[in-house]
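Here's the letter readout for the chains.
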Protein chains: 2
Amino acid sequence: MPSRGHRPSIGRVAELAGVSATTVSHTLNGHRPVSAATRKRVLDAIEQLGYRPNVLARGLRTARSQTIGLIIPDITNPFYPVLARGVQDVLGPAGYHEIITNTDGMRELERSALEQMIARQVDGIAFAVFHTHADDLRHPIDMGIPVVRLGGRLVQPGVDLVHSDDEGGAAEATGYLLDQGYDRIGFVCGPQAEGPAAERVTGHLATLARRGLPPEPSLIVHTQFSRAGGLAGTLRLLDLPRPPRAVLCANDVMAIGALDAARQRGLDVPGDLAIMGFDDIEAATLVSPQLTTMANPARRIGQACGRILLDRLSGAMTGPSSETIVPARLVRRQSA
Amino acid sequence: MPSRGHRPSIGRVAELAGVSATTVSHTLNGHRPVSAATRKRVLDAIEQLGYRPNVLARGLRTARSQTIGLIIPDITNPFYPVLARGVQDVLGPAGYHEIITNTDGMRELERSALEQMIARQVDGIAFAVFHTHADDLRHPIDMGIPVVRLGGRLVQPGVDLVHSDDEGGAAEATGYLLDQGYDRIGFVCGPQAEGPAAERVTGHLATLARRGLPPEPSLIVHTQFSRAGGLAGTLRLLDLPRPPRAVLCANDVMAIGALDAARQRGLDVPGDLAIMGFDDIEAATLVSPQLTTMANPARRIGQACGRILLDRLSGAMTGPSSETIVPARLVRRQSA
DNA sequence: ATGAAAGCGCTAACAG
DNA sequence: CTGTTAGCGCTTTCAT
């Protein structure tokens, strides 16, 4: 029975087993052969004392903390937990843990989070923040810490980039609606296309162009990234002289607002009006009718991030920077 | 400019500033006076080298890692990120970081997570897992690590307990509906009341009893904890000879199923049928009509947990174990 | 107001 | 196959 409130050290184990600390160390991490008899004595001592190797001490010695830092705006935003889980899918089995810091999008907090990560000797950093100057990442890069940036498009030496294919996703969504026979599609976008939303507009227009369809400026409305915004934007489209029979929204929350608009006008969805969202949030399956949407591949992004970090840490990857684009996936729910 | 790939140590700083490591240490954490002149030289050196104290090394010396472990089933379940954020609200400002482990509800993973936490020298553990034997927590307790259990009702020496007031919340919800003039209330519950759901049934019945209303067994239906379950359960209630005009569901997802049932039967909500949920998930505001519900105080629970951990770590709290019950909050959205 | 030295728990040369 | 020794970066007596 381990004694209360006291952590046994490798030395205590060695003492009890009648061997040196070195031998205990090697039985534990197999860096050199240990005789079966000795191994058993060591293992017994460990068992008896309830010994667990001190990861911090090991890290001090080996200069590897087996920890990676994840810096995000807000774990409460449902996108990030999934991302975090994706990172852990890959890094967890390799013995890494992650520490997460929320910045609420404040630059000062982002910066201090990075310094904290350095102070904690993280082996790698996953940085999921949109608006950051390249300068802010200088310190970790100079320290030789691998940094992966999640989202955004800024290519920067020393920083690997992973993001979803918003452009391709929107292009696919638009193509899907066109294939369903809707030749005029409304697009409900944010105030001014920023971040991923900009790429989504681009993708939408790209498909129209590729299919030889002239872009109608009146079919693209700018509004808020919210349920109310989606409602207002859709109503504007429905009030057009020749309203579209299908609307594509920049995200699911706006699409839910579009459903409100349809209900308000007594339109059947998708009979009278087809509505598509983007992201595949949980609520997409909880509204009626359920939303057809492009699944934002948060988990895959996290996994890709984890793999890159692992490759950097093992030396399997050495280039100055890479870019990984994870495809969005069409999720059909409205049988239009 | 800091040199690439090399972390300066306290010794390097001391050297550059022309003082001893001791003095650098003390300028940093103010454990003894340092002359203004010296302080400036040290700070300059730190700035120049881009030095950050190694938290791991400090922890090795002080036997405090400034880290707490959070063990949960799945960060992807929207309840837990909010909980985690609550914990950080309190612990973050005190200089603690948290490492999170997902167990997917598997006992073996829960156990190994606990051992990992010990190996990482966490200063405290927040354990949010329903079905765990008291035995599993023995090791951390024996090591003298404060453990807070989140959810569940098991009172155990050495383990502080924090959970939401599911019973009181359901009692309040029932009272609210009665106050609205609904004298017969249907309750849609899970297969067999387990976990928090059991307390919610208890609370519901308690209010009925308190108001002198006889319990009608037929008004309590058992079904699945899902949207489909909520739909089926509500239909069963609506098919009763004297159907209730109000239904209270054990969670929001089921309540959304209840909305489906109303729509299917052409009933206006809340005009013909009032529907209440429990938890206040994001989707509660995204369905139509929005759900009146009892907000599960995840963030408050996390904060309470953080405060307890902090008190235990500072020695401000010393009893063998405590129980904290965080009230659920009524969120009115259907103006019935 | 400042330094020297020891030691936290561990791993990795370097012996044998 | 096993042990001795040094040292990772830091804090903390004990001196001065």
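Per an unreviewed UniProt entry, the recorded name for chain A is LacI family transcriptional regulator, and the organism is Sphaerisporangium album.

With that settled, the discussion passes to the sheet that holds strand β6 (residues 185-189) of chain A. All names here are of chain A. Taken in spatial order, the six strands make up an open sheet running β7-β6-β8-β9-β10-β12, and their pairing is mixed. With partners counted over all chains shown, the strands left at the sheet margins are β7 (220-222) and β12 (329-331), one partner each. Sheet twist, expressed as the average angle between the axes of neighbouring strands with direction ignored, equals 20°. Relative to strand β10 (residues 292-295), strand β9 (residues 274-279) runs parallel, the two being bridged by four bridges. Following the sheet pairing, Phe278 is matched in β10 by Met294.

Here we take up the protein's contact with DNA strand C. Among the 27 residues in the neighbourhood of DNA strand C, the closest are listed as Ile10, Tyr51, Arg58 and Arg61 of chain A together with Thr38 of chain B. Backbone atoms, meaning sugar plus phosphate, form 58% of the atoms of DNA strand C positioned within 4 Å of the protein. Interatomic distance of 2.9 Å between a side-chain N/O atom of Thr22 of chain A and a base nitrogen of DNA strand C. Ser25 of chain A places a side-chain nitrogen or oxygen 2.9 Å from a phosphate oxygen of DNA strand C. Going through the elements one at a time, α2 (21-29) and α4 (55-62) of chain A together with α2 (21-29) and α4 (55-62) of chain B are the ones with two or more residues in the surface near DNA strand C. Of the residues assigned to the surface near DNA strand C, the class counts are nine nonpolar, 13 polar and five charged.

In this complex, chain B contributes 63 residues to the contact, which on the side of chain A involves 64 residues. Summed over both sides, the interface of chain B with chain A buries roughly 5,300 Å², with 52% coming from carbon and sulfur. Ranking the residues of chain B by area buried against chain A places Arg7, Leu56 and Arg120 of chain B at the top, with a combined share of 14%. Across the contact surface, chain B and chain A share six salt bridges. Linking Glu115 of chain A and Arg52 of chain B is a salt bridge whose minimum nitrogen-to-oxygen distance equals 2.5 Å. The interface formed by chain B and chain A includes 30 residue pairs in polar contact (both at pLDDT 80 or more). Looking at the side of chain B that touches chain A, the elements that each hand over two or more residues are α4, α5 (79-91), β2 (97-102), α6 (107-119), α7 (138-142) and α11 (252-264) of chain B. With six residues, β2 of chain B is the single largest residue contributor to the side of chain B that touches chain A. Class assignment for the residues of the side of chain B that touches chain A results in 26 nonpolar, 21 polar and 16 charged.

Within the structure, DNA strand D sits among 27 residues, and Thr38 of chain A together with Ile10, Tyr51, Arg58 and Arg61 of chain B are positioned closest to it. Among all atoms of DNA strand D positioned within 4 Å of the protein, those belonging to sugar or phosphate total 58%. Within the contact set of DNA strand D, a phosphate oxygen lies 3.0 Å away from a side-chain nitrogen or oxygen of Ser25 of chain B. Measuring from a phosphate oxygen of DNA strand D, one finds a side-chain N or O atom of Tyr51 of chain B at 2.4 Å. Counting only elements with at least two residues in the surface near DNA strand D, the list comes to α2 and α4 of chain A together with α2 and α4 of chain B. Classifying every residue of the surface near DNA strand D gives eight nonpolar, 14 polar and five charged.

Turning our eyes to something else, we now look at the relation of the copies chain B and chain A. For these two chains of identical sequence, chain B goes onto chain A by a turn of 180° and a shift of 0.0 Å along the axis, with RMSD 0.1 Å. What the rotation and shift describe, once combined, is the action of a two-fold rotation axis. When the interface residues of chain B are mapped onto chain A, 100% of them are again interface residues, pointing to one common binding face.

Glancing now at the domain arrangement of chain A. Once the domains are mapped, chain A shows domain 1 (10-53), domain 2 (64-164 + 298-327) and domain 3 (166-295). The gap between the C-alpha centroids of domain 1 of chain A and domain 2 of chain A is 36 Å.

Before going further, it helps to spend a moment on unusual backbone geometry. Residue Val269 of chain B is joined to Pro270 of chain B through a cis peptide bond whose omega torsion reads 5°. The residue Pro270 of chain B is located in the loop between α11 and β9 (274-279) in this model. For the bond from Ser288 of chain B to Pro289 of chain B, the omega torsion is -10°, close enough to zero to count as cis. Locating Pro289 of chain B in the fold gives a position in the loop between β9 and β10 (292-295). For Gln121 of chain A, which is not glycine, the phi dihedral falls at a positive 60°. Residue Gln121 of chain A is classed as buried on the basis of its relative accessible area, which comes to 15%.

Parameters and conventions
- Residues numbered from 1 in each chain as written.
- Chains lettered and ligands numbered in written order.
- Predicted model: local features only at pLDDT ≥ 70, side-chain atom pairs only at ≥ 80, totals over all residues.
- Heavy atoms only, no water.
- Pairing = 2+ DSSP bridges.
- Helix = DSSP H or I, 4+ residues; strand = E, 2+ residues; numbered from the N terminus.
- Axes fitted to C-alpha atoms, helices over the stretch in contact; angles between N-to-C directions.
- Near = heavy atom within 4 Å.
- Polar contact = N/O pair within 3.5 Å; in protein donor to acceptor, adjacent residues only side chain to side chain.
- Nonpolar A, V, L, I, M, F, W, Y, C, P; charged D, E, K, R; others polar.
- Contact = heavy atoms within 4.5 Å.
- Buried area = accessible area lost by both parts, 1.4 Å probe.
- Salt bridge = Lys/Arg side-chain N within 4 Å of Asp/Glu carboxyl O.
- Least-squares fit on C-alpha atoms with pLDDT ≥ 70 in both.
- Domains from an automatic or database assignment.
- Buried < 20%, exposed > 50% of the residue type's maximum accessible area, 1.4 Å probe, protein only.

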